[in-house]
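# Results of the structural survey
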Amino acid sequence: MDRRRIDAGDVVRPALLAEIASGAFNPFRGQFAPTAGTSNTFDPVTGGVTGTRGWNNVAAARRASYVGRSFDERRDFLLDAKLTGNLFPLLPQRGLGFSLGTEFRQSRTAHRPDPIQLDGDQLGFTPVAASKYQLEVRSYFAEFSLPLIIPQKKVPFVSSLDLGAAVRFEDYAYANRRLGGVFDPQRTTLAFRAGDIRFGTGALPRFSVRYQPIDDLMFRGGYTESYLAPTEAEVLAPFTDRSTGGAILRTGGNPSLRGERSRTWSAGLVLSRLRLHRFFLRLDYYQTSTRGLTVLGEQLASYLPPDAPGLGPVIVRDPASGLATLVRNLPYNTGSRLVSGLEGELIFERKIGSAYFRFQTAAHYLVSWKAEPISGAGSASFAGAYTSATSSYVGPGGLPRWRGFTRLDLTWHNFVWSQTLNYVGSYRDDSAFLLAANIVGGTTAAPVYDLTRRVPSYITFDTELSYEFKRPHPPYPQYRQVSDGKGYYTSVPTDTPSTFAQKLLWGTKVRVGVVNLFDRSPPAVLGAFNDNYDTSNYTVRNRFVYVGVQKKF
């Protein structure tokens, strides 16, 4: 995949400084002041008025602006192999199922920034270094399923009992590749790191159990370990320095960075009654703990007190004054996170005459969402609240306790009418953005404010009507006699009489629907100061009408 990104509206810093020196651009005019006019000039020694000079900020900004063109390239290669089978099929439980496999994945990415961005001459932005990375991942896995008891054995209080186990190994290899061609990466102030960075995840196990005391009731549980590898840029990005507040802010990759490792426990039950109106109920609980979170040094430095443990490699201070001289804004593996929740789903289906009803409702309750920035520093709870990235190093956004939907489908002949009610529960806004709010307690990780604001719950309604042209079936099979030329005749079913237009329409489905029928706007979230609403839970698209046609051959 090749992609060209065009950035318009940026300004070249030297060109703008020249416009300011000439007086054509006046940086001291207010936001709502006229964009052009005439102002007095003053003697730098006496301060007296020496004359007037015209300025035009719009025209000067246009002369100093440029259109930046950056190029992104990506190449992916995937090779995998898998072997499945069943061992000992003559055993009473019908054997042991297995699956063995391996996978090789290679990704090559390159970023060629605009020459002005490469030199860091754009106003308000740091230099963008040219980069070219390669990532290779080798995976090996094995899965086993063992049905200990099957329904045919008719064991009392055990309809079925199944066990499952799996293990996966992954090896990662990161490499820098120098760029050639138009842009020279050595024009940046920092060089690329040479050599490959390799590490493995070790064994990532998974276990599962499924127990059915009766056919209509099933209990299930499982344990899984997973791994989230860092990106190529997080490991290999070249250093870029920027002066801020008297200290140097250094950004780039961290060759010592490793991935985030998670452990998930889950347990649940499924109650199904297919013989009576098709009833289905599912309840599941999960808990995921993650360690080695990837956090930027700048976020740690601004979020935690200066004497917090573990900040030695992040901040470099002057021995005499104790002031920070260098902040390594690199990604680090630090801290942990704990997330748990409860999910439920109910489905009820029933046929009345020629109509078919299907009712479905599902809900999710967030029990906890806690994070600890550095081991021993204390955890903070973010469940049921909105937390901006400027208030916390994790900045998870909005985490409502409740989310869910309810859907009703009515099928009559070839028509299907669907109605869906979507629900996002209320949650606490980020009190740091309430101008009159003051911290009255808590900790650095979880301050307590004297003022709070609730983001109201959000409900939308969607509807859709569809019609499918299905191939008709005769009420009774019709057959015709076909001779094989040797005196024997065979009965074969005849086709349904139809025209060419009818055959052309078979398998065609036409849909028309409305998303957010009542055109409800998302509620305001003060903590989302860039958008004024929570982009992780809502959309500003509001009412959306669509028409679709689907054809199956």
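Description of the structure in this document. What you see is a predicted model, and the numbers here were worked out from it, not measured in a lab.

Definitions and cut-offs
What you see as residue numbers is a count from 1 along each chain, following the sequence as written. A pLDDT threshold of at least 70 governs which residues receive local features in this predicted model, and a stricter bar of 80 or more applies before side-chain atom pairs are shown or counted, although totals over entire chains, interfaces and linings include all residues. Remark: hydrogens and water are excluded; side-chain values derive from all non-hydrogen atoms of the structure. Think of a 1 Å grid over just the protein atoms. A cavity is a set of points where a 1.4 Å probe fits yet cannot get out, a pocket is an open set with protein on both sides within 12 Å along at least five of seven lines, and lining residues have an atom within 4 Å of a point. Grid points are joined across faces, edges and corners, and a volume is the space filled by probe spheres set on the points. For the purposes of this entry, the term helix denotes a DSSP run of H or I that reaches at least four residues, the term strand denotes a run of E that reaches at least two, and both are numbered from the N terminus. Note that Gly is not counted as nonpolar here; it falls among the polar residues with everything else outside the nonpolar set of Ala, Val, Leu, Ile, Met, Phe, Trp, Tyr, Cys and Pro and the charged set of Asp, Glu, Lys and Arg. Like charges within 9 Å and nonpolar side chains (Val, Leu, Ile, Met, Phe, Trp, Tyr) within 5 Å are joined into patches, using only residues over 30% in relative accessible area that form no salt bridge. Using a 1.4 Å probe, accessible areas were evaluated by the Shrake-Rupley method; residue-level cover was limited to the displayed protein chains. Criterion for a salt bridge: a side-chain nitrogen of Lys or Arg within 4 Å of a carboxyl oxygen of Asp or Glu. Residues count as neighbours in contact if any of their non-hydrogen atoms are within 4.5 Å of one another. We call a set of buried Ala, Val, Leu, Ile, Met, Phe, Trp, Tyr and Cys residues a nonpolar core when their side-chain atoms join them within 4.5 Å. Using a 1.4 Å probe on the protein chains alone, a residue whose accessible area is under 20% of its type maximum counts as buried, one over 50% counts as exposed, and one in between counts as partly exposed.

Left-over empty space is what a probe sized like a water molecule reveals as it rolls over the atoms. If you add up the space inside the second largest pocket, you get close to 300 Å³. Mapped onto the lining of the second largest pocket, the elements with two or more residues apiece are strand E24 (402-412), strand E25 (415-424) and strand E30 (458-469). The class makeup of the residues in the lining of the second largest pocket is six nonpolar, seven polar and three charged.

On the surface, Trp412, Phe415, Trp417, Leu465, Val512 and Val547 cluster together into a nonpolar patch covering about 600 Å² of accessible area. Mapped onto the elements of the fold, tryptophan 412 is located in strand E24.

Within the chain, phenylalanine 88 stands out as a residue other than glycine whose phi angle is a positive 55°. Inspection of the secondary structure assignment puts phenylalanine 88 in the loop between strand E4 (65-87) and strand E5 (96-112). Positioned with a positive phi, histidine 413 is a non-glycine residue whose angle comes to about 55°. Tracing the backbone through its elements, the reader meets histidine 413 in the loop between E24 and E25.

Along the chain, the position of proline 213 falls in strand E9 (residues 204-214). Considering only alpha carbons, one finds proline 213 and valine 155, 58 residues apart in sequence, at a separation of 9.3 Å. With sequence-adjacent residues up to four places away left out, proline 213 is seen in contact with Phe157, Val158, Ser159 and Phe219.

Attention now moves to the nonpolar core. Formed by Tyr133, Leu135, Val137, Tyr172, Tyr174, Ile197, Phe199, Leu204, Tyr227, Val235, Leu236 and Ala237, the largest nonpolar core amounts to twelve residues. Listing elements by their share of this core, those giving two or more residues are strand E6 (131-149), strand E7 (160-176), strand E8 (196-200) and helix H4 (232-236).

Read these as geometric descriptors, not functional statements.
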